[in-house]
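One letter stands for each residue in the lines below.
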Amino acid sequence: MGFLSQSKAHQTPRKATASAWTCAASGLVFGLVSLAGFGPAPAQAQNLFAPVAKINDSVITSYQLSQRMAFLGVLRAPGNLREQALKQLTDEALQRQAAKAAGVSVTAEEVLAGMSEFTGRFNLKVEDFNKIIAQADVAPETFRDFVSNGLAWRAFVRQRWQGRIRVTEDEIDRQLSLTAPGQNVRVLMSEIILPAQTHEQMQDARARATQLSEISTLGAFAAEARRSSVAQSAGRSGRLDWTDLSDLPGPIAAQIVALEPGNVTDPVPVQNGIAVFQLRAIEEVDRPTPADVTVEYAALMIPGGRSADALAQAADIRAKTDSCVDLFGLFPGSTEAQIQHETLLVGELPTRYAVELAQLDEGEASTALTSADGQNLVYLMLCSRSRELPEDVSRDQLKLRLQNQRLQAFSVAYLEELRAAAFIEEFDAQ
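Residues numbered from 1 in each chain as written. Predicted model: local features only at pLDDT ≥ 70, side-chain atom pairs only at ≥ 80, totals over all residues. Heavy atoms only, no water.

**Quick look at the environment of Pro 269**
Okay, step 1: Positionally, Pro 269 belongs in strand E5 (residues 268-270).
Okay, step 2: As for Pro 269 and Arg 352, which are separated by 83 residues in sequence, their C-alpha atoms are 9.1 Å apart.
Okay, step 3: With residues up to four places along the chain from it excluded, the contact list for Pro 269 reads Arg 206, Ile 274 and Thr 351. (Helix = DSSP H or I, 4+ residues; strand = E, 2+ residues; numbered from the N terminus. Contact = heavy atoms within 4.5 Å.)

Right under this line is the structure:
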């Protein structure tokens, strides 16, 4: 749910507020996989209403803390659940106080719509979600309050700062010009590819990718790439080489150009997976500016997946070929199932192929990918690159993304101010 619109996932602000709405959403599927063995909330009955923290005039009770911990447990949030739960509840108390002081509130209908939007991301109705969290002794009111707090804070942020957000036509023109093919702009990115070959895996990967899109530091993304990515770049902490922006598929280019270095794209569907990309740097380069982008490539399927034999065969092919003509010469009479040969607009390329091809010069090859079933190593070679790509980047989409980025910056900074000015006292665990 974005600051300015709740209708499309791509309009979600780049970084979630400390209410942890986005963090919880992204972890949802992991917790739905299995709740077996998840114990009841740790608070003892006689201590349910014992205070664990005081934030100005608000009190966080042991019951609220145990409920949030159980909720985070359902979402399979990593790390110390008590610390995370207490921080979230503290931030939400500050946000709730600010919204109340400004006269901002949300209606029951808005809360229900927000709950439906939250669970709808994973094809669940609110009633079904409440049944699932009930298995971990999480009350439906806990979920409702979680959503209500997030909605109220967003409404407060919009009311306080939306009138100050001005995105000029010149700024949009600049963003559009950066996405135009042939412009002298290149980007330095990192990638994380999560596997998703079944519907259930796709849900898990999309949820995890949503969580990864909230990363804001290079180190954290690099660590996650080493830990989670199935791309060959994982060994390089997900780092890719400099890539011309115009060589990227339109959906990725449109997201990348609107980011600040360190920020991460929304989840991007790729072949048998979900990807997120982090912008590390962007720069203009001094060279001629061709007009459009069409790519000719060859993809040779080598049996054996990423086995030692398949990789050895790929190395042997690499040593014998400097062009696609050489590659075809090594395998005369090959069928399309053995060597796929295509000439496509960048926007028509399979996303995984497009990202790999964008980093290659003519005659170079990549062995970073495997076939859909994992049984073949893909020897992907760039035959040629010419310019014929018509770009279709929405001005409204870029404007909304810029507005949301600026609102989010105000939101994060103001929460820091509230936290610094607040009286916060924590009590020993009962």
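**Quick notes on the pattern of salt bridges**
Okay, step 1: Counted by the stated rule, this structure contains 9 salt bridges.
Okay, step 2: Among the ionic pairs, Arg 68 bridges to Glu 92, the shortest N-O distance being 3.0 Å. With Arg 68 in helix H2 (residues 62-74) and Glu 92 in helix H3 (residues 81-101), this residue pair connects regions lying 24 residues apart in the sequence.
Okay, step 3: The class of Arg 68 is buried, set by a relative accessible area of 3%.
Okay, step 4: Residues Arg 419 and Glu 416 are paired through a salt bridge, measuring 2.9 Å at the closest nitrogen-oxygen approach. (Salt bridge = Lys/Arg side-chain N within 4 Å of Asp/Glu carboxyl O. Buried < 20%, exposed > 50% of the residue type's maximum accessible area, 1.4 Å probe, protein only.)

**A short note on the sheet that holds strand E2 (residues 58-61)**
Okay, step 1: Taken in spatial order, the 3 strands line up as E2-E1-E11 in an open sheet, and their pairing is antiparallel. Whereas interior strands pair on both sides, the edge strands pair on one side only; in this sheet they are E2 and strand E11 (424-426). Each strand of the sheet is rotated relative to its neighbour by a mean of 15°, with strand direction disregarded.
Okay, step 2: Relative to E2, strand E1 (residues 51-55) runs antiparallel, the two being bridged by 4 bridges. Paired with Ala 53 across the two strands is Ile 60, which belongs to E2.
Okay, step 3: Here H3 sits on the sheet in contact with E1, E2 and E11, set at roughly 35° to E1. (Pairing = 2+ DSSP bridges. Axes fitted to C-alpha atoms, helices over the stretch in contact; angles between N-to-C directions.)

**Let's talk about the confidence of the model for the protein**
Okay, step 1: When pLDDT is averaged along the protein, the result is 79, and 80% of the positions lie at 70 or above.
Okay, step 2: In the predicted structure, residues 5-45 sits below a pLDDT of 50 and forms 124 contacts with residues beyond four places in sequence or in another chain.
Okay, step 3: Low pLDDT (under 50) marks residues 287-291, which in the prediction has 11 contacts with non-local residues, meaning those over four places away or in another chain. (pLDDT = per-residue confidence, 0-100.)

**Side note on the packing of aromatic side chains**
Okay, step 1: Under the criterion given, the structure shown has 12 aromatic pairs.
Okay, step 2: Geometrically, the ring pair formed by Phe 156 and Trp 161 is edge-to-face, given 6.1 Å between the ring centres and 80° between the ring planes. In this structure, Phe 156 and Trp 161 share a single accessibility class: buried.
Okay, step 3: Where Trp 161 meets Tyr 414, the ring centres are 5.3 Å apart and the plane angle is 70°; that geometry is what we call edge-to-face. You can see Trp 161 sitting in helix H6 (residues 140-161) and its partner Tyr 414 sitting in helix H14 (residues 395-421), a full 253 residues away along the chain.
Okay, step 4: In this structure Trp 161 comes out as buried when scored by relative accessible area, which is 4%.
Okay, step 5: You can call Tyr 414 buried: its relative accessible area is 16%. (Phe/Tyr/Trp six-rings, centres within 6.5 Å; stacked < 30°, edge-to-face > 60°.)

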